[in-house]
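A structural walkthrough
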Amino acid sequence: MKQPDRGRKRLALVGGGHTHVQVLRSFGTRPVDDAELTVVIPSPLAIYSGMVSGFVADRYAAEELAIDVEALARRARARVVMTSALAIDTNRHRIMVEGREAVPYDLASVNIGSTVAGLGTPGAREHAIPSRPISGLVEEIDRLVDRARDSARQRGFRVVVVGGGAGGVELAFCVEHRLRREGCTSLDVLLVNDGSRLLAGYPPSLAERVEEHSRRRAVTIRNGRRVVAVEPDVVRFADGASTAQDAVIWVTGAASHPLFRDSGLPVDDRGFALTRPTLQVEGHEELFAVGDCATLREHPDTPKAGVYAVRQGPILSHNLRALLAGHPLQAYIPQRDFLTLLNLGDGTAVGTKWGLSFEGRWVMELKDRIDRRFMARFRITS
Ligand SMILES: Cc1cc2nc3c(=O)[nH]c(=O)nc-3n(C[C@H](O)[C@H](O)[C@H](O)COP(=O)(O)OP(=O)(O)OC[C@H]3O[C@@H](n4cnc5c(N)ncnc54)[C@H](O)[C@@H]3O)c2cc1C
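Conventions we followed
- Residues numbered from 1 in each chain as written.
- Predicted model: local features only at pLDDT ≥ 70, side-chain atom pairs only at ≥ 80, totals over all residues.
- Heavy atoms only, no water.
- Salt bridge = Lys/Arg side-chain N within 4 Å of Asp/Glu carboxyl O.
- Helix = DSSP H or I, 4+ residues; strand = E, 2+ residues; numbered from the N terminus.
- Buried < 20%, exposed > 50% of the residue type's maximum accessible area, 1.4 Å probe, protein only.
- Axes fitted to C-alpha atoms, helices over the stretch in contact; angles between N-to-C directions.
- Parallel < 35°, antiparallel > 145°, perpendicular 65-115°, else oblique.
- Left-handed = near helix turned anticlockwise from the far one by under 90°.
- Contact = heavy atoms within 4.5 Å.
- Nonpolar A, V, L, I, M, F, W, Y, C, P; charged D, E, K, R; others polar.
- Near = heavy atom within 4 Å.
- Polar contact = N/O pair within 3.5 Å; in protein donor to acceptor, adjacent residues only side chain to side chain.
- Areas by Shrake-Rupley, 256 points an atom, 1.4 Å probe, with all protein chains shown as cover.
- Pairing = 2+ DSSP bridges.
- Phe/Tyr/Trp six-rings, centres within 6.5 Å; stacked < 30°, edge-to-face > 60°.
- Lys NZ or Arg CZ within 6 Å of the ring centre and 35° of its normal.

1. A word on the pattern of salt bridges
What the rule picks out here adds up to 24 salt bridges. Glu 36 serves as the salt-bridge partner of Arg 8, at 3.7 Å between the closest nitrogen and oxygen. You can see Arg 8 sitting in the segment before β1 (9-14) and its partner Glu 36 sitting in strand β2 (residues 35-41), a full 28 residues away along the chain. Judged by relative accessible area, which is 27%, Arg 8 ranks as partly exposed. One salt-bridge network, held together by shared partners, links Asp 142, Asp 146, Arg 149, Arg 178 and Glu 182.

2. Examining the packing of helix α1 (residues 20-29) against helix α9 (residues 306-325)
Where α1 meets α9, the axes come as close as 8 Å, and the angle between the chain directions of the two elements is 45 degrees. Taken as axis vectors, α1 and α9 run oblique relative to one another. By crossing handedness, the relation of α1 to α9 is classed as right-handed. Between α1 and α9, the residues in contact are His 20, Gln 22, Val 23, Ser 26 and Phe 27 and Ala 309, Val 310, Gly 313, Pro 314, Leu 316, Ser 317, Leu 320 and Arg 321, respectively. For the contact of α1 with α9, the residue count by class is seven nonpolar, five polar and one charged.

3. Some words on the environment of Glu 176
Looking at the secondary structure, you find Glu 176 in helix α6 (residues 166-181). Note: C-alpha distance between Glu 176 and Phe 378 (202 residues apart in sequence) is 31 Å. Those residues in contact with Glu 176, other than ones at most four positions away along the chain, are Leu 187, Val 189, Arg 217, Ala 218 and Val 219.

4. Considering the site of the ligand
With respect to spatial proximity, 27 residues lie near the ligand, and among them His 18, Ala 85, Asn 111, Asp 292 and Gly 306 are the closest. Within the contact set of the ligand, a nitrogen atom lies 2.9 Å away from a backbone nitrogen or oxygen of Ala 85. Asp 292 places a main-chain nitrogen or oxygen 2.8 Å from an oxygen atom of the ligand. The fraction of the free accessible surface of the ligand (1,000 Å²) that becomes covered by protein chains is 84%.

5. Let's talk about the sheet that holds strand β26 (residues 356-360)
Sheets are built from strands that pair by backbone hydrogen bonding, the pairs being arranged parallel or antiparallel. The antiparallel open sheet is built from three strands, whose spatial order is β24-β25-β26. Looking along the sheet, the strands with just one partner apiece sit at the ends: β24 (340-343) and β26. Direction aside, the axes of adjacent strands within the sheet are offset by 15 degrees on average. Of the strand pairs in this sheet, β24 and strand β25 (residues 349-353) are connected by four bridges, and their pairing is antiparallel. Each bridged residue has a counterpart across the sheet, and for Leu 341 the counterpart in β25 is Gly 351.

6. Overview of the packing of aromatic side chains
Throughout the structure, instances matching the rule amount to four aromatic pairs. With centroids separated by 5.2 Å and ring planes inclined at 85 degrees, the aromatic side chains of Tyr 308 and Phe 338 adopt a geometry described as edge-to-face. Placement of Tyr 308 in helix α9 and of Phe 338 in the loop between α9 and β24 is noted, with a sequence separation of 30 residues between them. There is no split in this pair, since Tyr 308 and Phe 338 are both buried. Against the face of Phe 237 rests Arg 225, its NZ or CZ located 4.9 Å from the ring centre. The ring of Phe 272 carries Lys 304 above its face, with NZ or CZ at 4.1 Å from the centroid.

In structure tokens:
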């Protein structure tokens, strides 16, 4: 193996999330000469979450939502270590990885996303399709469609979507559209939410629009229902009620990977790395954490949403270069409000910004344009 040039700093990027793909793109177009770059990724491709619902609704093919992180890394002249990171030894400056030699670093950044909350619910891990990792969800959807096609002919098909946030709403409506198109005429999609209303944290008018759409579609919304167990054919609720199911999709919000806690790093009460405005982990100058896996100490309530991971891209690119060059770092301030566009699968979307809500085909077209423009930035043609 080529020995590192000790005059150069070793920069390790762990995970190929929405922020790191931008760093790789930046380093590919404007290389950093005084650093040796290593990228740790479990697979060559990363999935862009914004288009997952469109994939479920059959609007996009799987390859349209995949970013070739390995190709971006090669273009940035990075060494690629294809495995998962397990822990970070900040004393010896090494990233412990699965089945391979530890990766040494002088400077590192972690962008590994999150997992789904609530998978400890009895039977959820065994009988539900988790929404994360998103790559797993994408694989499972085709299997669900095949199963629905077969059984719908005989006796209809019931999907239970657990989680009344933005992801749950999109998946419920997009699954409904997809299965109808696949010929499931006797179809029932149940969207279960443990809160008193859908889409907590968003303007009530957005939830009202979604409820109005559910009345015209095979989507039933049940608020105030907490799932306590998932069995092979049944979902059980805290109030003793239960419902039959042919498939369960689990979309109950973000939970942390164990990496930071296992490494003894500062974390919030949910296990997400605590970071400063510069995106550096508290007390660790040489370690950054971005996207869902981090919580900004100054803005702890920032939602775990891809839009924030995307906005952190230019700041992280700047700060990594600045730290290498000994220049001042920039602070990241999350935007107060962001444009939310929820795909309803049938060619329409609902959206909200600044407390207002709207809907229609034009909203879906706007979402499509924004998502395709984002993806076009990562296409490597040569
Ligand atoms: C169904 C669904 C739809 C969504 N739609 C939207 C939307 O429309 N808009 C929006 O803003 N947000 C959306 N979200 C939320 C969004 O997915 C996340 O907020 C976003 O993906 C976080 O980006 P990230 O860069 O932190 O991590 P991710 O995009 O999740 O990327 C993390 C990467 O790290 C890799 N990784 C994981 N573990 C390790 C490890 N141990 N070592 C190395 N690499 C690792 C993974 O393979 C992955 O490629 C949606 C979520 C779901 C579930």
